[in-house]
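This is what each chain is made of:
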Amino acid sequence: MKKLLLLALATILVAATFAQAPAKYWVAFTDKKGTPYSIDKPEAFLSPRALELRKAHGIAIDERDLPVNPEYVKQVLALDTAARCFTTSKWLNGMTVYATREDMKEAIEKLPFVDSVERTITMKEPEPPIEPAYVFPGNAGKTKLTYQSDIQKDNDFDYGKAKFQVRINNVHWLHRMGFRGENMQMMVLDGGFQNIDSIKCFENLRNDNRLLGARNFVQPEKDPMRKHTHGTMVLSCIASYIPGLLVGTAPMVQVYVAQTEDGRSENRIEEDNWVAGLEYADSLGCQVLNSSLGYTTFDDTVNQRTYADLTGDVSRASRAATIAASKGLLICNSAGNEGGKKWKYIGAPADARDILTVGAVNIKRNRAYFSSFGPTADGRIKPDACAVGRNTYISTPVGVITMADGTSFSSPMLSGMVTCLWQAFPEKSNYEIMEAIHQAGDYNLKLNGQAITEPDVENGYGYGITDFLRAYNILMYGEHDVIMLSLTGYGTQERTIRAITENGVFPSSVTITPITFANGKMVESGKTKKMKFKSYEVKYGLYAHELSLPKLSKKQPYQLYRIDFVIHGKTESRIVGQEWPLE
């Protein structure tokens, strides 16, 4: 009798276990038939800013922009009294549903409008209710931005400990021109942003009302600024402003943050969270998105990924990233930290098409040992750009300035720089900005179509370290005509710079004009002078033309010039920067 009671109890426990099987599922729908939304009324699902950006860049609203059919969502939720919709994807036409019903997957698959179902995580315990969802008590659309006077006037920042990690990409010259991220909006997707609403390095961000929103796609009821440190450190690379200690690469940018990474596990649900955050950024009208996240292996050992999957077409995150680019969003994603490990290569969504995958170097321009390698499985060059991710100065959630390693930090370093570059050329598309960044990499230099340096995938540099002053020139003048400046020529601490041409292409005259920038426009600030130069062959039919710049002093620590070369009766202009040597 006792054995029978124990057996009966065990049977009840097993039955209860099978009846209570909390999990999340990705549900892909077949269509959007019957949707109440219309491409003729996009204001129902896109913000005024998003619509304005779409119009400015000639990007059409199409069926992919329509939200999923709410009736489909309703019918999925009706299959389980515990079911809850966590996220939806307009671009991939699907939803993430949480349920406890044991046969939920089979039940969903029977619905006529369902294309496929995938269990993306098996929960160890039931999820708490998500209502009410966390609401950011911020200023988006409510309070006027008020840029502080101290940062408004001073374009020559004292970067403090960040001075070398900023200068390696020459973005400080864009800052000196007045391009520091004003009126640009960025989304940062990460794993939590502890204390960004209180620590010192974001004081200006908060005082200016530029922290526009915070959202949690993992646990929607929880404040993403109360837990997890990674996103805080990432954001400090972009938006910090503590003169003499730490200044980020876009200290005046407007910021949204969203938690998509679940620190409790590593499962495919996080890619679907990422897609939800990406689409949120699109709906708000963000121009740049930083993601210091990547996915290669999962806790679910059955559904593992291989290098062959890195085509940009397998991961939902990668597919959505490519769609986002077609909608005008510029994504910077960390390459990953697998370079010294068995996996070795980038992950997803770093394998996506039409995004910037960012590798890591140190301040001596050497690749960081951990920075993941390209190419993608279908042969595309990765990384697209490199910035400092080895011994990068960041802020911790308690406000301590320290060094940290990872492409998690090279990516936000670069995303801030990208923001400043795009601010300078708002009429350019995200594709044109990305192409200029490719062309300005130190492993991708060309002259009139001839390769001076070539992408280095084997050693992990890809297109190399981006020179953002070179990228500015490319967008301003068109770099690859008949003349280019040598690798260190755009921003230099030397008096001598070198212009490179092909044999038979010699300047007949060269003039130099001191310039400054006011409200984003170039202004001549001194007299134009004719320059003397000497020419000599360097290699392979290429000629260098040496030019001597005026002498600076500590009282005049930097100067921007426009150099005009007359070649075959045509004037070719370039902007260069000269600065007093760093101590």
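Before reading on, note that the structure itself is shown above.
Chemist: I would appreciate a short explanation of the overall build of the protein chain in the present structure.
Modeler: Helix and strand content of the protein chain: 14 helices and 27 strands. The C-alpha atoms of the protein chain give 26 Å as radius of gyration, which agrees with the globular expectation for 583 residues (25 Å, within 12%). Based on the C-alpha atoms only, the size of the protein chain along its principal axes is roughly 105 × 50 × 50 Å. When each of the 583 residues of the protein chain is scored for burial, the buried share is 58%.

Chemist: Before we go on, may I ask you to explain the packing of helix H9 (residues 230-239) against helix H12 (residues 407-424) in this structure?
Modeler: Axis angle and axis distance: for two packed helices, these are the angle between their axes and the distance between the axes, and together they describe the pair. Packing of H9 against H12 leaves a shortest axis separation of 7 Å and a crossing angle of 35°. Read as a crossing pair, H9 and H12 show a hand that is right-handed. Contact with H9, carried on its side by His 230, Met 233, Val 234, Cys 237 and Ile 238, involves Ser 408, Phe 409, Pro 412, Met 413, Ser 415 and Gly 416 of H12 and no other residues of that element. Residue composition of the contact of H9 with H12, grouped by class: seven nonpolar, four polar and no charged.

Chemist: Looking at this model, I keep getting lost on the packing of aromatic side chains. Mind explaining?
Modeler: Given two aromatic rings, their pairing is described by the distance between the two centres and the angle made by the two planes. By the definition in use, this model includes 18 aromatic pairs. Summarising the aromatic geometry, the rings of Phe 157 and Tyr 241 are spaced 5.9 Å apart at their centres and angled 70° between planes, so their arrangement reads as edge-to-face. Of this pair, Phe 157 sits in the loop between helix H5 (149-153) and helix H6 (163-167) while Tyr 241 sits in strand E7 (residues 241-242), and the two are 84 residues apart along the sequence. Classification of Tyr 241 by relative accessible area gives buried; the value is 6%. Aromatic pair Phe 179 and Phe 517: ring centres 6.2 Å apart, planes at 70°, arrangement edge-to-face. In this pair, Phe 179 sits in the loop between helix H7 (171-177) and strand E5 (185-190) while Phe 517 sits in strand E21 (residues 509-518), placing the two residues 338 residues apart along the sequence. Members of the aromatic cluster, connected to one another through ring pairs, are Phe 179, Phe 425, Tyr 472 and Phe 517. If you follow Arg 215 out to its NZ or CZ, it ends over the ring of Tyr 280, 4.8 Å from the centre.

Chemist: Teacher, can you tell me more about the nonpolar core here?
Modeler: The nonpolar side chains of a soluble globular protein tend to be buried with one another. Ranked by internal contacts, the top residues of the largest apolar core, which has 89 residues, are Val 418, Leu 421 and Tyr 472. Take this core: its biggest share by element is nine residues, from H12. Residues contacting Leu 421, with those up to four places away along its chain left out, are Leu 174, Ile 433, Ile 437, Phe 468, Ala 471, Tyr 472 and Leu 475. Counting 31 residues, the second-largest nonpolar core is a separate cluster that includes Val 275, Tyr 295, Phe 298 and Ala 324.

Chemist: Help me understand the pattern of salt bridges in this model?
Modeler: Should the charged atoms of two oppositely charged side chains come close, the side chains can pair. Taken as a whole and judged by the stated rule, the model has 35 salt bridges. Here Asp 62 makes a salt bridge to Lys 327, at a shortest N to O gap of 3.0 Å. Pair noted here: Asp 62 is in the loop between helix H2 (48-56) and helix H3 (70-77) and Lys 327 is in the loop between helix H11 (316-326) and strand E11 (330-334), with a separation of 265 residues, a long-range link. In this structure Asp 62 comes out as partly exposed when scored by relative accessible area, which is 26%.

Chemist: Would you mind going over the sheet that holds strand E10 (residues 288-291) with me for this structure?
Modeler: Spatially, E6-E9-E5-E10-E11-E12-E13 is the arrangement adopted by the seven strands of the open sheet, whose pairing is parallel. On the outer flanks of this sheet lie strand E6 (211-216) and strand E13 (385-388), each paired with one strand and no other. Going from strand to strand, the sheet's axes swing by 25° on average, the running direction of each strand aside. One ladder, built from four bridges, connects E10 with E11; its direction is parallel. In the sheet register, Ser 291 faces E11, and the bridge partner there is Asn 333. Running at roughly 150° to E5, H9 makes contact with E5, strand E9 (254-259) and E10 of the sheet.

Chemist: What is the right way to look at the sheet that holds strand E2 (residues 84-89) in this model?
Modeler: The pairing of strands in a sheet comes from backbone hydrogen bonds and takes either a parallel or an antiparallel form. Strands sit in the order E2-E3-E1-E4 across an open sheet of four strands; the sheet is antiparallel. Each edge of the open sheet is held by one strand with a lone partner, namely E2 and strand E4 (114-122). With direction set aside, neighbouring strand axes in the sheet form an average angle of 20°. By the bridge criterion, five bridges tie E2 to strand E3 (residues 94-99) in an arrangement that is antiparallel. Residue pairing across strands places Arg 84 opposite Tyr 98, the latter belonging to E3. The strands touched by H3 are strand E1 (23-29), E2 and E3; relative to E3, the strand with the most contacts, the crossing angle is about 20°. The strands that helix H10 (residues 269-284) touches are E1, E2, E3 and E4; relative to E2, the one it contacts most, it runs at about 60°.

Rules of the game
The residue count restarts for each chain, going from 1 along the sequence in the order it is written. Selection of residues for local features in this predicted model requires a pLDDT of at least 70, selection of side-chain atom pairs for listing and counting requires 80 or more, and totals for whole chains, interfaces and linings are taken over all residues. Side-chain metrics rest on all non-hydrogen atoms present in the structure, leaving aside hydrogens and water. The helix and strand labels rest on DSSP assignments: H or I over at least four residues marks a helix, E over at least two residues marks a strand, and numbering proceeds from the N terminus. What the globule rule says is 2.2 Å times the number of residues to the power 0.38, and the radius of gyration is computed from C-alpha atoms. The buried label goes to any residue with under 20% of its type's maximum accessible area, the exposed label to any with over 50%, and the partly exposed label to all in between, with areas taken from a 1.4 Å probe on protein chains only. Where helices are involved, their axes are fitted lines through C-alpha atoms of the stretch in contact, as for all axes, and angles between N-to-C directions lie from 0 to 180°. For a crossing to be left-handed, the near helix must be turned anticlockwise from the far one by less than a right angle; the clockwise case is right-handed. We call two residues in contact whenever any of their non-hydrogen atoms come within 4.5 Å of each other. Nonpolar residues are Ala, Val, Leu, Ile, Met, Phe, Trp, Tyr, Cys and Pro. Charged residues are Asp, Glu, Lys and Arg, and all others, Gly as well, are polar. In this analysis, rings of Phe, Tyr and Trp, with Trp reduced to its six-membered ring, are considered paired at centre separations within 6.5 Å, and the interplanar angle assigns stacked below 30 degrees, edge-to-face beyond 60, and tilted for intermediate values. The criterion for a charge sitting over a ring is simple: Lys NZ or Arg CZ within 6 Å of the ring centre, and within 35 degrees of the ring normal. Definition used in this section: a nonpolar core is a set of buried Ala, Val, Leu, Ile, Met, Phe, Trp, Tyr and Cys residues joined via side-chain atoms within 4.5 Å. Salt-bridge detection follows one rule: a side-chain nitrogen of Lys or Arg within 4 Å of a carboxyl oxygen of Asp or Glu. DSSP bridges decide pairing: two strands pair if at least two such bridges lie between them.

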